[in-house]
Amino acid sequence: MTVRVPAKVNVQLAVGGARPDGFHDLANVFLAVSLYDEVTVTPADSLRVTCTGPDADQVPLDRTNLAARAAELLAARHGITPDVHLHIDKDIPVAGGMAGGSADGAGALLACDALWSTGASREELLDICAELGSDVPFSLVGGAALGTGRGELLTPLTVGGTFHWVFAMADGGLSTPTVFREFDRLTPDAAPPAAAPALLAALRTGDTTALAGTLSNDLQAAAVSLRPALADTLAAGTAAGALAGLVSGSGPTTAFLAKDAESAERIASELRASGTCRAARVASSAAPGATVVGRPARRPGPGNDRPARS
Ligand code: ATP
């Protein structure tokens, strides 16, 4: 059973002060983008995780992997032993501010749910996602959504057109808790977060220029403070013709909004030549959430002699 799950970019990330429980109140406008991890689950003797892809060596393969935790949580709720092999084909940068681990958690959850035919409702799956982490519910639903609370309370948003992006990957990751600590240090009097009406309108109407004018990330100053070279990447993307650039989530990936697909390709190649990033990739939005893309081959029979793949 294979599930494909998108990365995300936060087109707005408004951050309030630290709460007594250590989390921050957020107004987090998520947009799913067409960079994907694929999680494949097959029955096995015991729970194990493997991973392939450019950043595979940075992915934990023990029970701390969000895919393994998702399988365990679902299994525990349904009285199942989670004896499965979870394979992650990883294309989303690790610790890159694009919710790659969350994507794998949501993907494993949906794949195990389909493999075990648990019949879990969407609400139950979203509940498990919220237990796994603030960004996991969005990885399941995809599209665009406003996340409030610590980001896990989702309101779906309408997107009226296709947006074209370039993502510049940096060497090494940034730890999300470290970036939030730096935010607290730099912003002792953070205002209560709120979604910007002009940004929501730009999404709704599919207006790229208006979206470019309203992109914002309250964590950007903290990410740049911890990784000053990100300022060079942001400048290189803008010089290459991006309408706007920002740090993606807690970074260090930077995201650039392009006028159209052609312009995105041009910006990506100029960013690669600039020497200010490890790699540059184009993607579009809004992408669908976690989706089953492959099922195991069924026994041959009339009209049923091929594996179902879409
Ligand atoms: P976010 O944007 O949600 O803040 P991120 O994209 O910055 O997250 P992730 O790629 O999710 O970061 O990885 C953060 C950390 O989570 C990694 O350093 C790793 O130790 C751990 N982790 C657990 N499971 C996974 C997974 N399946 N893939 C990648 N990292 C994982």
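See the structure shown above.
Residues numbered from 1 in each chain as written. Predicted model: local features only at pLDDT ≥ 70, side-chain atom pairs only at ≥ 80, totals over all residues. Heavy atoms only, no water.

### Remarks on the overall build of the protein
For clarity, the cut-off: Put simply, DSSP H or I for four residues or longer makes a helix, DSSP E for two residues or longer makes a strand, and each gets a number counted from the N terminus. With C-alpha atoms as the basis for the radius of gyration, the globule rule is written as 2.2 Å multiplied by the number of residues raised to the power 0.38. The classification of residues rests on relative accessible area computed with a 1.4 Å probe and restricted to protein chains. Under 20% of the type maximum is buried, over 50% is exposed, and intermediate values are partly exposed. In this description, contact between two residues means that some pair of their heavy atoms is separated by no more than 4.5 Å. Using a 1.4 Å probe, the Shrake-Rupley method yields the accessible areas, and only the shown protein chains count as cover for residues. The positive count covers Lys and Arg only, the negative count covers Asp and Glu only, and His and the chain ends enter neither. For charged residues, the charge sits on one atom: NZ in Lys, CZ in Arg, CG in Asp, CD in Glu.
Each helix and strand in the protein was counted, giving ten helices and twelve strands. Here the C-alpha radius of gyration of the protein, 19 Å, is about what a compact globule of 310 residues would show, namely 19 Å. Expressed along its principal axes, the backbone C-alpha trace of the protein runs to roughly 55 × 45 × 35 Å. Considering the protein as a whole, with its 310 residues, one finds that 49% of them fall into the buried category. For the protein, the proportion of contacts with a sequence separation of at least 24, taken over those separated by at least 6, is 75%. Carbon and sulfur atoms make up 52% of the accessible area of the protein, which totals about 13,100 Å². Separation between the mean location of the 24 positive side-chain charges and that of the 32 negative ones in the protein comes to 4 Å.

### Describing the site of the ligand
Operational definition: Any residue with at least one heavy atom within 4 Å of a molecule or strand is counted as near it. N or O atoms within 3.5 Å of each other form a polar contact, as long as, within protein, one can give a hydrogen and the other can take it, and as long as residues adjacent in sequence are counted only when both atoms are side-chain atoms.
Residues in contact with the ligand amount to 22 residues; listed here are only the nearest, Ala-95, Gly-97, Gly-101, Asp-104 and Asp-135. In the environment of the ligand, an oxygen atom lies 2.8 Å from a nitrogen or oxygen atom belonging to the backbone of Ala-95. Residue Gly-101 places a main-chain N or O atom 2.8 Å away from an oxygen atom belonging to the ligand. When the ligand is considered free in solution it has 610 Å² of accessible area, and contact with the protein chains removes 78% of it. Among the elements that line the shell around the ligand, the one with the most residues is helix H2 (residues 100–116), at four residues.

### Focus: helix H6 (residues 197–205)
Here is the rule: The directions from the helix axis to the C-beta atoms are what the arc is built from.
When H6 is considered as a whole, its buried residues turn out to be Leu-199, Leu-200, Ala-202 and Leu-203. Taken down its axis, H6 places every buried residue within 160° of arc, on the same side. Residues of H6 that are exposed and point more than 90 degrees away from the buried face comprise Pro-197 and Thr-205. Taken together, the buried residues of H6 touch strand E1 (2–18), strand E2 (24–43), strand E7 (163–169) and helix H7 (208–214).

### A short note on the pattern of salt bridges
Two side chains bearing opposite charge may form a pair once their charged atoms approach each other closely. Formally: Salt bridges are defined as contacts in which a side-chain nitrogen from Lys or Arg sits within 4 Å of a carboxyl oxygen from Asp or Glu.
With the rule as written, the count across this model stands at 14 salt bridges. Of the charged contacts, one joins Arg-19 and Asp-21 as a salt bridge, the two residues approaching to 2.9 Å between their closest N and O atoms. Arg-19 sits in the partly exposed class, given a relative accessible area of 23%. The exposure class of Asp-21 is partly exposed, given its relative accessible area of 48%.

### Brief notes about the pairing of strand E6 (residues 153–156)
Within a regular strand, side chains alternate between the sheet's two faces. Selection criterion: Any two strands with at least two DSSP bridges between them are considered paired.
In terms of strand pairing, strand E5 (residues 144–148) meets E6 through four bridges, oriented antiparallel. Bridge assignment links Thr-148 to a residue of E6, and that residue is Leu-153. Hairpin connection between E5 and E6: a loop of four residues separates the two successive antiparallel strands, and Gly-149 in this loop has a positive phi of roughly 70°.

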